[in-house]
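# Descriptive analysis of the structure
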Amino acid sequence: MEFKVLGPLEVLSDGRSLPLGGVQQRAVLALLLLHANQVVPTSRLLEALWPEDTRPVTARKMVQNAVWALRAVLETGGNGNDGPPPHLLTRAPGYLLRVDPEQLDATRFERAVAAGRARLDGGEPAEAAALLGEALAHWRGPALSDLVEQGVRWPELSALGQLRLDAMEDRFEAELACGRHHAVLGDLMALARAEPLRERLGGQLMLALYRCGRQAEALNVFGTVRQALVEAYGLEPSAALRTLQQRILRHDRELASPVGDHATADAALAPAPAPAPAPASAPVLAPVPAPPPELAPAGGHPGARSSADAPEAGNRSAAPASYGGAASGAVVEWRDVCVLVVATESAGDVTVAVSERPDDSPHGAADLLTESVEERSGTVVGSLGGLFAALFGLRSELPEASLNAVRAAFEARERLASRAGTATRAVVLSGRAIVRHDPRDPRAGVSVMGTLLDTAHGLLGGVPRGEIHVSDDVARDTDGWVSYGETTRTADGPAGIRRARSLRPGGPAAHGTDTARRPELALLEDLLEYARHRDAPCMLTVLGDHGAGKTRLLAGFERRVTDDFDEVRVVRPRALRDGDDAASMAAALLEAWAPHPRARLDPPERRLEALVRSVAGSDRDAARLLRVLGAAPPSGRAADETDVLAAWSEVIEGEARRRPVVLCLDDLHLADDAVLDWVERLGDAGTGTLLVVACGHVDLLRRRPLWGGAREHAGRLTLPRPPASAAPPLRRTLLFPDRRLVRPGRRVR
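Please read these numbers as outputs of a predicted model, since none were measured by experiment.

Reading the values: the criteria
Residue numbers restart at each chain and count upward from 1, following the sequence in its written direction. Under the rules for a predicted model, residues below a pLDDT of 70 receive no local features and side-chain atom pairs below 80 are neither given nor counted, while totals for whole chains, interfaces and linings still include all residues. To obtain the side-chain values, all non-hydrogen atoms of the structure were used and water was disregarded. In this text, helices come from DSSP runs of H or I with a minimum length of four residues, and strands from runs of E with a minimum of two, each type numbered from the N-terminal end. Type-normalised accessible area, obtained with a 1.4 Å probe on protein chains alone, sets the label of each residue: buried when under 20%, exposed when over 50%, and partly exposed for intermediate values. The contact criterion used throughout is that any non-hydrogen atoms of two residues lie within 4.5 Å. All accessible areas in this document rest on Shrake-Rupley with a 1.4 Å probe, and a residue is counted as covered only by the protein chains that are shown. Axis lines are fitted through C-alpha atoms, for helices just across the contact stretch, and the angle between N-to-C directions can take any value from 0 to 180 degrees. When an angle is under 35 degrees it counts as roughly parallel; over 145 it counts as roughly antiparallel; between 65 and 115 it counts as roughly perpendicular; any other value is oblique. Should the near helix be turned anticlockwise from the far one by less than a right angle, the crossing is termed left-handed; should it be turned clockwise, right-handed. Residue polarity follows a fixed list, in which Ala, Val, Leu, Ile, Met, Phe, Trp, Tyr, Cys and Pro are nonpolar, Asp, Glu, Lys and Arg are charged, and the others, Gly among them, are polar. Using only the protein atoms, space was sampled on a 1 Å grid; points where a 1.4 Å probe fits but cannot get out form cavities, open sets with protein on both sides within 12 Å along at least five of seven lines form pockets, and lining residues are those with an atom within 4 Å of a point. Grid points are joined across faces, edges and corners, and a volume is the space filled by probe spheres set on the points. Whether two strands pair depends on DSSP finding at least two bridges between them. Under the rule applied, a polar contact is a pair of N or O atoms within 3.5 Å (in protein, one hydrogen donor and one hydrogen acceptor; residues adjacent in sequence only if both atoms are side-chain atoms). We call Phe, Tyr and Trp rings a pair once their centres come within 6.5 Å, taking the six-membered ring for Trp, and we label the pair stacked below 30 degrees between planes, edge-to-face above 60, and tilted otherwise. Expected helix span is computed as 1.5 Å times (number of residues minus one). A score from 0 to 100, pLDDT tells how confident the predictor is in each residue.

Helix and strand counts for the protein chain stand at 25 helices and 24 strands. Within the protein chain, buried positions represent 49% of all 749 residues. Across the protein chain, contacts joining residues at least 24 apart in sequence account for 73% of those joining residues at least 6 apart. Just so you have it, the protein chain exposes about 34,700 Å², and 52% of that area is on carbon and sulfur atoms.

Once that is clear, we can look at unusual backbone geometry. The peptide bond linking Ala92 to Pro93 adopts the cis configuration, its omega dihedral lying at 5°. Considering the arrangement of structural elements, one finds Pro93 in the loop between strand S5 (87-91) and strand S6 (94-98). Even without glycine at this site, His251 takes up a positive phi of about 55°. Of note, His251 is situated in the loop between helix H11 (239-249) and helix H12 (262-269). The exposure class of His251 is partly exposed, given its relative accessible area of 22%. One non-glycine residue with positive phi stands out, namely Asp667, at about 55°. With respect to the secondary-structure elements, Asp667 resides in the loop between strand S22 (661-665) and helix H24 (673-681).

Moving on: the packing of helix H7 (residues 155-177) against helix H9 (residues 199-211). Where H7 contacts H9, the two axes come as close as 10 Å, and the packing angle between them is 25°. As judged from the angle between their axes, H7 and H9 are roughly parallel. At the point where H7 passes H9, the crossing takes the left-handed sense. In this structure, H7 uses Asp166, Glu169, Asp170, Phe172, Glu173 and Leu176 to contact H9, whose residues at the interface are Arg200, Leu201, Gln204, Leu207, Ala208 and Arg211. Looking at the contact of H7 with H9 residue by residue, the classes come out as five nonpolar, one polar and six charged.

We now examine the layout of surface pockets. Computed from the structure, the second largest pocket encloses a volume of approximately 550 Å³. Forming the walls of the second largest pocket are 19 residues, and the residues nearest its centre are Leu49, Trp50, Pro51, Gln150 and Asp619. Elements represented by at least two residues in the lining of the second largest pocket include exactly helix H1 (23-34), helix H2 (42-49) and helix H22 (619-629). Per-element accounting of the lining of the second largest pocket gives the leading share, four residues, to H2. Looking at side-chain class alone, the lining of the second largest pocket contains eight nonpolar, five polar and six charged residues.

Note that Val661 resides in strand S22. A relative accessible area of 1% places Val661 in the buried class. Measuring from C-alpha to C-alpha, the distance between Val661 and Gly688 comes to 8.7 Å, with 27 residues separating the pair along the chain. Residues within four places of Val661 in sequence aside, it is in contact with Arg569, Ile652, Glu655, Ala656, Thr689, Leu690 and Leu691.

This paragraph deals with the sheet that holds strand S4 (residues 39-41). Hydrogen bonds along the backbone pair up the strands of a sheet, which may run parallel or antiparallel. Strand order in the open sheet formed by three strands is S4-S6-S5, and the pairing between neighbours is antiparallel. Where the open sheet ends on each side, the last strands, each with one partner, are S4 and S5. For this sheet, the mean angle separating the axes of adjacent strands, direction not counted, is 30°. Bridge count for S4 against S6 is three bridges, and the pairing is antiparallel. Each bridged residue has a counterpart across the sheet, and for Val39 the counterpart in S6 is Leu96.

Attention now goes to helix H20 (residues 582-592). The complete set of buried residues in H20 reads Ala582, Met585, Ala586, Ala588, Leu589, Leu590 and Ala592. At the N-terminal boundary of H20, the capping side chain belongs to Asp581, with an oxygen 3.4 Å from the backbone nitrogen of Ala583.

Before going further, it helps to examine the packing of aromatic side chains. For the structure on display, the rule yields one aromatic pair. Pairing Phe109 with Trp139 gives two aromatic rings, centres 5.6 Å apart and planes at 85°, and the pair type is edge-to-face. A residue pair is termed long-range when its members are at least 10 positions apart, and Phe109 in helix H4 (residues 105-121) and Trp139 in the loop between helix H5 (125-136) and helix H6 (145-149) qualify at 30 residues. On the basis of relative accessibility, which here comes to 8%, the residue Trp139 falls in the buried class.

Moving on, we come to the pairing of strand S19 (residues 496-503). Where strand S16 (residues 468-471) lies against S19, four bridges are found, and the strand directions are antiparallel. In the sheet register, Ser471 faces S19, and the bridge partner there is Ile497. In terms of strand pairing, strand S17 (residues 482-484) meets S19 through three bridges, oriented antiparallel. Bridged to Ser483 within S19 is Ser502.

Here we come to the packing of H4 against H7. Contact geometry of H4 with H7 gives a least axis separation of 11 Å together with a crossing angle of 35°. Note that H4 runs across H7; the crossing there is left-handed. Every residue of H7 that contacts H4 at Phe109, Glu110, Val113, Arg117 and Leu120 is listed here: Leu163, Arg164, Asp166, Ala167, Asp170, Glu173 and Ala174. The residue makeup of the contact of H4 with H7, split by class, is six nonpolar, no polar and six charged.

So, about H7. In this model H7 runs 33 Å from its N-terminal to its C-terminal C-alpha over 23 residues, within 8% of the 33 Å that 1.5 Å per residue would give. Along H7, the positions that sit buried rather than exposed are Glu156, Leu157, Leu160, Leu165, Ala167, Glu169, Asp170, Arg171, Phe172, Ala174, Glu175 and Leu176. Immediately downstream of H7, the backbone of Gly179 shows phi near 80°, a positive value.

Once that is clear, we can look at the environment of Glu520. Within the secondary structure layout, Glu520 lies in helix H18 (residues 518-534). The buried category is assigned to Glu520, whose relative accessible area is 11%. Taking the C-alpha atoms as reference points, Glu520 and Leu717, separated by 197 residues in sequence, lie 8.5 Å from one another. Apart from the residues within four sequence positions on either side, Glu520 is in contact with Leu553, Leu717 and Leu719.

Looking at the protein chain as a whole, the pLDDT averages 76, with 76% of positions reaching at least 70. Taken as a whole, residues 508-516 scores under 50 in pLDDT and shows 26 contacts with residues more than four places along the chain or in a different chain. Every residue in residues 595-601 scores below 50 in pLDDT, and together they form 15 contacts with partners more than four places removed in sequence or on other chains.

Quick look at the structure:
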């Protein structure tokens, strides 16, 4: 007999596939094969088949029945002439499957890999490549792919997957040593896209591309790996990968193919005739969009940890795009922060910038900008020429940090224009970043790593002179204090960018509440309490013209619920846009509803799987929902938008049965009809504490005159536009105290 686990589970007898029964029976056999010739405790089988909270009372009996049925299959099929028959034995505290190791494809794979590595270490790359190729030929897809499709998630499968990746890297190394870089380039590129954090694989792809005469792409691979890994670990690539990059830049002759392809190698390595055209330039080191040049630290040297200084994690390492210097004894943590990037240039004749007055020098401009940042509780983390980067969020939380950053941008623009004759361009973005700082010493250097500053710098080039552009989320947090223009769509980066026109003369009242909206906030809190008491879904539709304060009301309610009710899940997707369909709604929900704060850093597929499994009633339900919500369903066609929204209803309602859920939707009037139908029906499945707060323009009632009329617990609230004269003076109406750091002997302007 032959047992195959490197792909769908299969048992062959004399070349004939044996019927293995249902999912539970196949899972029992698979786990026994993964631990062949070892006793597998019954408790381990129970744990592998059912989560503890959904395990049936008769689970142990069901395992016994599966073992009995498997014995019958193995005894019937073991009468062939293809090796000794297997024996499924009862051995305390569980069961033992006794098989010839050569009958199991996983064992043959491991032995072939060991033989190939021995040849590779012995300097026989051709023989090693052949043996490793034979070993990898045993794989017919992911290990136990048929059971994985049914929701099986065993650590043994992850271990097998890692062994396969290691063997593939060994084969690539052997093939490259034989000079067959053209033959493996396609496989290398595909695997590197799937596993961007494996340094060894990235180095092999760089070498193959270089030997194929594509040195610019080889250098781009280094930049891509470096950028991908920073968001996971904040580590520099290993010394080996950095050395390979430098050798490619130097056209090191030792990187040439050891055999064959001499023409290509010599062309790539030959020195250019004078005058040299210098084809390889620095910008190819960075992925697209290219990151900004590293800024000189404000009081330190740029630096980041090397992957050699940290324990390996699945051969993963990362390299941050780093700004600023790291202080000794500093802590490294993910934080929600706001960044301000400013570019300065002469506002008029160049002689203005070289005036003999100290304030008119570049150093004077830097001092003025630093004053504006520090007085708003920010930190300048780096500067290079006329480019400055500042961080907000270490001494304040969002949205206060966003407001401080925008105010600092306006104040810096005014000071530099009036005192240094300098014009500015600025970008303000908020998001998560790796921050290295010393919380005990506010004077210590601060380092920011990640893509947030890179994105801001990339957007800075499109900002006209004298303007300040901010992301949509910054505008939502600060629209009570800042007047903004319309949202501008971008091809990549943030969802939208808005131009900050001016600071408003007044704003909402302290502690996140607009005094004119306190009754509405109280109504929302009462409605949440009603939903919790009744254990029933409720919906409140909030209507109003543009500028009536719907978004601020949602933000204030979200802060109140988050601060006062730890057990309530608040889901507030981004504001909807004109024509948003089911796919857009699903993407916004997934982005807003992460199972835990760091989950936002995971790939969308992993976040979706974690979310679905946290609310699904069983593995079968989870697998069904993932097939609908996944980006690439097994059928090969996209799921119907009605099915996608229905699946999200199951997710939301499942969570509402476990804990109270508040779903805040903004600009609902812009959504398409399918999304509106879905919102109206949300919560129809049964009990559960679910409060849907749907905000939109009064145009919603023109499209749906009977909106919400079919729901049992539904209401409508219309917000009037507050009169322009109703706002008291700014100093008395700030959401946050106007906290500025005042240096000794200096007056606040």
